[in-house]
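Observations on chain architecture
Residue strings, one per chain:
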Amino acid sequence: DQQVKQNSPSLSVQEGRISILNCDYTNSMFDYFLWYKKYPAEGPTFLISISSIKDKNEDGRFTVFLNKSAKHLSLHIVPSQPGDSAVYFCAASAFQGGSYIPTFGRGTSLIVHP
Amino acid sequence: EPEVTQTPSHQVTQMGQEVILRCVPISNHLYFYWYRQILGQKVEFLVSFYNNEISEKSEIFDDQFSVERPDGSNFTLKIRSTKLEDSAMYFCASTMDRSYEQYFGPGTRLTVT
């Protein structure tokens, strides 16, 4: 049961170009969306989030776009840097029992070439 | 910068043995979580813990699993009788409040042989 889908297991981008990572979800109860970044041998690190009342959130080189009607969100990284090479997880949350438990996608491995 | 720590980084155990995975959450955090990630698959929620009791658990968190906060700093996950399919990375996470943005530890790789 994949409520959160990241259909691209990997993405390769040239340094300086834009990286676009995509995520689709099926559960209309999700009201908060997050992107986590994970380096090898480390745990996921929170990157950026967006509430369902917004359609865009920007933080430096990172922008998340939300299209609620399409149940789709994307993460844009511009300009991409080699240090951005990591696995990116999309996650979605809905309030459950007082704790916002995220449902994760399988991740997209981003490689940024110098 | 405060961080969540986990020990050991890698645990190898035989099927049927008990294992305890340890986590030290960020000191002023109140909500604690365990997740697992089977190789090549997504990160899956196991359990959340607040005020010394389980607040939520997933279908994965069956009677073989238990969690405990034995003192003011540690948060443990016990698997009573490990199975081959328990082999995975186990991540601990914590938050100060009912926040979406959880802080994850580096994980413990559990290998059941």
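Bear in mind the structure is a predicted one, so any value in this text is a computation, not a measurement. (Residues numbered from 1 in each chain as written. Chains lettered and ligands numbered in written order. Predicted model: local features only at pLDDT ≥ 70, side-chain atom pairs only at ≥ 80, totals over all residues. Heavy atoms only, no water.)

This part covers the sheet that holds strand β3 (residues 19-24) of chain B. All names here are of chain B. Here four strands make up an open sheet; going across it, the order is β1-β3-β8-β7 and the pairing antiparallel. The strands lining the two open edges of the sheet, one partner per strand, are β1 (5-7) and β7 (65-68). The average undirected angle you get between the axes of adjacent strands in this sheet is 20°. Relative to strand β8 (residues 75-79), β3 runs antiparallel, the two being bridged by five bridges. Each bridged residue has a counterpart across the sheet, and for R22 the counterpart in β8 is T76. (Pairing = 2+ DSSP bridges. Helix = DSSP H or I, 4+ residues; strand = E, 2+ residues; numbered from the N terminus. Axes fitted to C-alpha atoms, helices over the stretch in contact; angles between N-to-C directions.)

Now for the nonpolar core. By size, the foremost hydrophobic cluster in this structure holds 24 residues, and its most contacted members are F33, W35, L73, L75 and Y88 of chain A. Those elements that place two or more of their residues in this core are β3 (19-25), β4 (32-38), β5 (45-51), β7 (62-67), β8 (72-77), β9 (86-93) and β11 (108-113) of chain A. For this core, the leading source of residues is β9 of chain A, giving four residues. Counting 21 residues, the second largest nonpolar core, distinct from the first, contains L21, F49, Y90 and C92 of chain B. (Core = buried A, V, L, I, M, F, W, Y, C linked by side-chain atoms within 4.5 Å. Buried < 20%, exposed > 50% of the residue type's maximum accessible area, 1.4 Å probe, protein only.)

Moving on, we get to the interface of chain A and chain B. Taken together, the contact pairs 24 residues of chain A with 19 residues of chain B. Interface area, chain A with chain B, both sides summed: about 1,900 Å², of which 59% is carbon and sulfur. When the area that chain A buries against chain B is broken down by residue, the three leading residues are Y100, I101 and F104 of chain A, summing to 28%. Seen at the junction of chain A and chain B, the total is zero salt bridges. Linking chain A with chain B are four residue pairs in polar contact (both at pLDDT 80 or more). For the side of chain A that touches chain B, the element with the most residues is β4 of chain A, which contributes four residues. (Contact = heavy atoms within 4.5 Å. Buried area = accessible area lost by both parts, 1.4 Å probe. Salt bridge = Lys/Arg side-chain N within 4 Å of Asp/Glu carboxyl O. Polar contact = N/O pair within 3.5 Å; in protein donor to acceptor, adjacent residues only side chain to side chain.)

For the structure shown, the criterion picks out two disulfides over all chains. Residue pairing for C23 of chain A: its cysteine sulfur links by disulfide to C90 of chain A, the two sulfurs lying 2.0 Å apart. Given an S-S torsion of about -75°, the disulfide between C23 of chain A and C90 of chain A has left-handed geometry. Here the residue C23 of chain A occupies a position in strand β3, and C90 of chain A occupies one in strand β9, the gap between them amounting to 67 residues. Comparing C23 of chain A with C90 of chain A shows no difference in burial state: the two are buried. Across the disulfide from C23 of chain B sits C92 of chain B; the S-S distance is 1.9 Å. As the torsion about the S-S bond is roughly -65°, the C23 of chain B-C92 of chain B disulfide counts as left-handed. Of this pair, C23 of chain B sits in strand β3 while C92 of chain B is found in strand β9 (residues 88-95), placing the two residues 69 residues apart along the sequence. (Disulfide = S-S within 2.5 Å.)

All right, on to the pairing of β4 of chain A then. Residues and elements named next belong to chain A. In terms of burial, β4 is a largely internal element, seven of the seven residues being buried. Pairing between β4 and β5: six bridges, direction antiparallel. Paired with F33 across the two strands is I50, which belongs to β5. Counted along the chain from β4 to the antiparallel partner β5, the turn is six residues long, and its residue A41 has a positive phi close to 65°. In terms of strand pairing, β4 meets β9 through seven bridges, oriented antiparallel. Residue W35 lies in a different strand from β9, and its bridge partner there is C90.

All right, on to the pattern of salt bridges then. Residue and element names in this part refer to chain A. Per the counting criterion, the structure on display carries three salt bridges over all chains. Between E58 and K56 there is a salt bridge; the shortest N-O distance is 3.9 Å. The exposed category is assigned to E58, whose relative accessible area is 52%. Classification of K56 as partly exposed rests on a relative accessible area of 43%.

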